Structures are given as structure tokens and as C-alpha cells.
Amino acid sequence: LGPLVGAIDQGTSSTRFLVFNAATAELLSHHQVELKQEFPREGWVEQDPKEILDSVYECVERTCEKMKELNIDIANIRAIGVTNQRETTVVWDKTTGEPLYNAIVWLDLRTQSTVERLLKRIPGKNKTFSKFKTGLPLSTYFSAVKLRWLLDNVEEIKKAVEDGRAMFGTIDSWLIWVCICGANGGIHCTDVTNASRTMLFNIHSLEWDPELCKFFEIPMEILPNVRSSSEIYGVMKICPSRESGALTGVPISGCLGDQHAALVGQMCFQDGQAKNTYGTGCFLLCNTGQKSVFSDHGLLTTIAYKMGKDKPAFYALEGSVAIAGAVVRWLRDNLGIAKTSLEVEKLAAEVGTSYGCYFVPAFSGLYAPYWEPSARGIICGLTQFTNKNHIAFAALEAVCFQTREILDAMNKDCGIPLSQLQVDGGMTNNKILMQLQSDILCIPVVKPSMAETTALGAAMAAGAAEGVEVWSLNPGDLTAVTWERFEPQINPEESEYRYARWKKAVMKSMGWEASASSNGKPK
């Protein structure tokens, strides 16, 4: 078989471990565990960092067991890559290795009052005050404000910082620190892509920014060291709570935020290549090469990847949508109109139209291109005729309309419209959604037959790292990808009409929450 590479893919709704053949990029085995999200108060979203860690161990163990059943020797796994939900914030105690609070998930809105307080300190309350340094607007979405909230509201964390025991990290840092020794000399690091989502990182100098740390009043000593996305950070250690210690001694040598990993896994190495990932949220990234491009239309500027210590950083423009797959999970878990996500798809298929019903799932406010935290979800255009099938269809349409909005912004910023859209992520298995997406964009949608591009990207970074070198990223050596194509099937006028109605619905979702001065506490 030759050398293999593993990838830990730690997402918002699930954790996976996948093993690829480095020569052919073929997926050999994997295991997935769905994760709990806790909603302790309205607008709050948390996860237990220990549960996240256990899910990683469980996925690694089960995948290794499956490989033994397939008679594949796990000794051939030469490296492991890590890819993760971005921005989600963890603070832990470096002496005990214990988290000091739950992880605050990227979607969480408790920091709205923190954002408003910080805005008052900026001349002209300019949300984009750090745009040219960080590429990001001031928003509840990024890690700095979550960390600020933790420092303001959690006594244990305040004390740990004073005692010099606290460590901050995004999920990648937490996993790498624990997997490489933990409290017995763990490596406290992150990569440039994850660092670029904190709002504390200068995306040009590739360093933590002292002025921004001062603005958010964050002590720099709790921040991880920033490394490239492809280098050996350390080796896996035995976890005392697990019996097998599978993969002990294997280097962890790749690290990318999940959206950046998908860009790599889709082989978008050229300036102007883009991909859209449909997960919990929806993320459109376009490679802009070795130059950072700043948007006039509500997109973020982010680091795409840096494939080695001495390699240059590449940049991307990003359109971020908070709620995509999460809307299907909401229909399933909150409204109970279906028992499985597949059932939601079937409900939509039965009617094939939303019958004039529009669903704007602004559960966490609106992200790109609006950045409007006061928006909330609405379903409008209801009549006595509307039933659950129409609402299911409207939910799928919402994902497509939101993608159209960020694609329009991307086309304006880049000046060269995309002629087709490369897609990946769990929701792309939904054929109705993919056809709908093509109809709403009026361009073909193309999906790689192996949809696990996020994990693939992390495996490529790990396998290509200096000292591992089992995976070549030279364009000539990359394996050809087979695609499934969806062509537009409705006339553009019909598509434009529906899109205009969607925009009207979006306007109606805005300005719902006057202010979050309630500090997120239910009245």
C-alpha cells in the first residue's frame, strides 16, 4: 500500500478520523462521532473540551480497529494532520491539563454586549477598524471577543491568568497540546490559518499584534506559538485513559482551520480558484495568491495556508455564512418535523417548491455580506396552504440563496466571475440541494466524488511536511479528481425573481434585537 496519512477532522457537529493513501489520495478507512452542543441560555453555544477530546480518541481507536479488520497495517501511518472548527475558544490550566470552562463555539452570541462595549472605544464606532491588519470586522464570531468575555466573567480563568497557569487556544491548539504530552510538556501552538481567525493576529507580519492584544486587554503570554500549516509540531503520546495507545510516536505535522483545509483538499492552489463548503455553516474561499485582497462587499481576508516554515503565506477572500447544515439540524431537533436529515431532504423533494415561503435562518445574526448581529431568523410568505414540506424546501433554498449572496460579493471583489462552483462538505450528498444551488446561481456546480476534502487537505499538509515527505504537492503529482456536475435547469428570470424575494426577506430579518444589553441573560 505504501505510506498512509491520518487526519483528525474536528468539526462543530461531529469529529472524524480518516486515513488516506498518500500515493493515490484514496480514503481507506474512517470513523465519525456526532457531538453534543450545549445551549445553556438563549444565543449561547458551548461544547465540552473533554468530550471533544474523547471523541477524537474514540475515532482514532475505532478507525485503527477497522483498518486491522481490513488487514491494513497501522504502522504505515507516517503522519497525522489536524483540521478543526475555527474561532471556537478554549482556556485550560497548563498544570492540571483541565479546561477552565466549556469551549465557546464560533456561533455563540453572548459576546454581543462585549462587542458593543469595545465599539464605543473606537473612533466613529468603526467595526472594520482592524480590517487591514486582521482582515476581519469586529464581531461576536472571532476568538478575541470570546476570550475577553471569559476573562471578564469566569473567576477561575481570571485567577489562572494571574497565577500564570492559563493557556488559550482554538480547538487545534487544545488537541495538539493534549496529544503531544499535555501537562507533561505539551506543545502550545497553532497555525497561521487558525491564528488569522482570532482578531489578534497581523496577517502580514504573521505575528500576534501587540496593539490589538492591548486593545482587547489580552495577556500575550497565554497565546500559542504560531507555526506554518505543514511542519512537525511533535509526536503523538500514549493517552493514559485509552488502552491501545494506537499511533503513539507518529508525528503531528499538519494543521489547518477546516475551511482552509478544504481549499487545499480541493487543490485550489492557483490565484482565483475557489470552493464552497457546506457544513454547519457555509464558507466560500477564493485563493488570491501571495497578496492579501481586501473586500468592499463584506467578505473577510484570511490566510489560506502556509505550506512549510520557509514557504510563503497564501491569502484568500472568504464569504462566511453562519447557518447552513445547522438549519436542517434545527428542523430535525427543534421543530421535530423529521427524524433524520435525510428525511428533511425527502420532505422537500415531495413538493419541489417552497410555494412562496422564505426562510432566513439568522439564528446567530447575519454574517457575510451583512455582518448584522441584530438580525434573527424569520419564516415569511406563509399562507394556509404552507406545510412542513414547503418549510423544508425553503430551508434548503436558504442555504443556496446565502451562497448566491457571498458569490455575488466575491465576483464583485475579484472582477472575474466564477464560471462554476466547486463544492464539498456533508450537505453536498443532498442532490436536491446541489441542483437547487446550480439553479439559483445560474452556473454549474461541481462536486468531487470524494467529498471529504477537509480531511484530505489536512492529510496533504501533514504528508508534505519536511521530515515526513510522503505526499507531493507539485501540481504534476496531484491525483486527478473525478467530479459530479449539476447544470442549471430553470430559466434565469425565474431564478432572479426568487433571489429578489429572498433579499426582501433578509431585510425583514434585520434590526430585530435592538441591543444585547441584557448581557445574554434571559429576562
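Definitions and cut-offs
- Residues numbered from 1 in each chain as written.
- Predicted model: local features only at pLDDT ≥ 70, side-chain atom pairs only at ≥ 80, totals over all residues.
- Heavy atoms only, no water.
- UniProt positions renumbered as here; feature names shortened; annotations may be inferred.
- Helix = DSSP H or I, 4+ residues; strand = E, 2+ residues; numbered from the N terminus.
- Buried < 20%, exposed > 50% of the residue type's maximum accessible area, 1.4 Å probe, protein only.
- Polar contact = N/O pair within 3.5 Å; in protein donor to acceptor, adjacent residues only side chain to side chain.
- Contact = heavy atoms within 4.5 Å.
- Core = buried A, V, L, I, M, F, W, Y, C linked by side-chain atoms within 4.5 Å.
- Salt bridge = Lys/Arg side-chain N within 4 Å of Asp/Glu carboxyl O.
- Pairing = 2+ DSSP bridges.
- Axes fitted to C-alpha atoms, helices over the stretch in contact; angles between N-to-C directions.
- Left-handed = near helix turned anticlockwise from the far one by under 90°.
- Nonpolar A, V, L, I, M, F, W, Y, C, P; charged D, E, K, R; others polar.

1. Observations concerning the UniProt feature "domain: Carbohydrate kinase FGGY C-terminal" (unreviewed entry) in the protein
Moving on, step 1. The feature "domain: Carbohydrate kinase FGGY C-terminal" (unreviewed entry), as given by UniProt, occupies residues 275-465 in the numbering adopted here.
Moving on, step 2. Within the segment residues 275-465, helix and strand shares are 37% and 21% respectively, and the terminal C-alpha atoms sit 24 Å apart.

2. Considering the side chain of Asn202
Moving on, step 1. Mapped onto the elements, Asn202 comes out in strand E10 (residues 201-202).
Moving on, step 2. Taking the relative accessible area as the measure of exposure, Asn202 reaches 12% and is therefore buried.
Moving on, step 3. A polar contact is formed between the side chain of Asn202 and the backbone nitrogen of His204, at a distance of 2.8 Å.
Moving on, step 4. Residue contacts for Asn202: discarding those within four places in its chain leaves Lys133, Glu207 and Asp209.

3. Overview of the nonpolar core
Moving on, step 1. Formed by 139 residues in total, the largest nonpolar core has its most connected members in Leu138, Phe216, Ile218, Tyr278, Leu421 and Trp471.
Moving on, step 2. Element by element, the count of residues in this core is highest for helix H12 (residues 388-414), at 14 residues.
Moving on, step 3. Non-local contacts of Phe216, meaning those with residues more than four positions away in its chain, are made with Leu118, Leu138, Ala144, Val145, Arg148, Met199 and Leu200.
Moving on, step 4. Grouped together as the second largest cluster of nonpolar side chains are 40 residues, Cys59, Ile72, Leu175 and Cys179 included.

4. Topic: the pattern of salt bridges
Moving on, step 1. Scanning all chains against the criterion turns up 33 salt bridges.
Moving on, step 2. Among the ionic pairs, Glu318 bridges to Arg197, the shortest N-O distance being 2.8 Å. With Glu318 in strand E18 (residues 314-321) and Arg197 in the loop between helix H7 (192-195) and E10, this residue pair connects regions lying 121 residues apart in the sequence.
Moving on, step 3. Take Arg197: its relative accessible area is 0%, and that puts it in the buried class.
Moving on, step 4. A salt bridge links Arg332 to Asp333, with the nearest nitrogen and oxygen atoms 2.6 Å apart.
Moving on, step 5. On the basis of relative accessible area, Asp333 is assigned to the partly exposed category, the value being 44%.
Moving on, step 6. One salt-bridge network, in which partners are shared between bridges, spans Arg86, Glu87, Arg197, Asp258 and Glu318.

5. Quick word on the sheet that holds strand E5 (residues 77-84)
Moving on, step 1. Taking strand neighbours across the sheet as the criterion, the six strands line up as E3-E2-E1-E5-E14-E13 in an open arrangement whose pairing is mixed. Only two strands of the sheet have a single partner each, and these edge strands are strand E3 (27-34) and strand E13 (230-235). On average, adjacent strands in this sheet sit at an angle of 25 degrees to one another, irrespective of strand direction.
Moving on, step 2. Strand direction decides the pairing type here: E5 and strand E14 (residues 251-257), joined by five bridges, are parallel. Looking across to E14, one finds that Ile80 is bridged to Ile252.
Moving on, step 3. In the packing of helix H1 (residues 49-69) onto the sheet, contacts are made with strand E1 (4-10), strand E2 (14-21), E3 and E5, and the angle to E3 comes to roughly 145 degrees.

6. Observations regarding the packing of H1 against helix H6 (residues 171-179)
Moving on, step 1. Between H1 and H6, the shortest axis-to-axis distance is 11 Å and the interhelical angle comes to 60 degrees. Of the two possible hands of crossing, H1 and H6 adopt the one that is right-handed. Where H1 abuts H6, its residues Pro49, Ile52, Leu53, Val56 and Tyr57 lie against Ile171, Trp174, Leu175 and Val178.
Moving on, step 2. Tallied by class, the residues present in the contact of H1 with H6 amount to nine nonpolar, no polar and no charged.

7. Quick word on the pairing of E18
Moving on, step 1. The element E18 is largely enclosed, with a buried count of eight among its eight residues.
Moving on, step 2. Neither face of E18 is left uncovered, since the one carrying Phe314, Ala316, Glu318 and Ser320 and the one carrying Tyr315, Leu317, Gly319 and Val321 both have all their residues buried.
Moving on, step 3. In the sheet, strand E16 (residues 282-289) pairs with E18 via seven bridges, with the strands oriented antiparallel. Each bridged residue has a counterpart across the sheet, and for Leu285 the counterpart in E18 is Glu318.
Moving on, step 4. When strand E17 (residues 300-305) meets E18, the two strands line up antiparallel, connected through five bridges. When the bridges of E18 are listed, Leu300 appears paired with Glu318.

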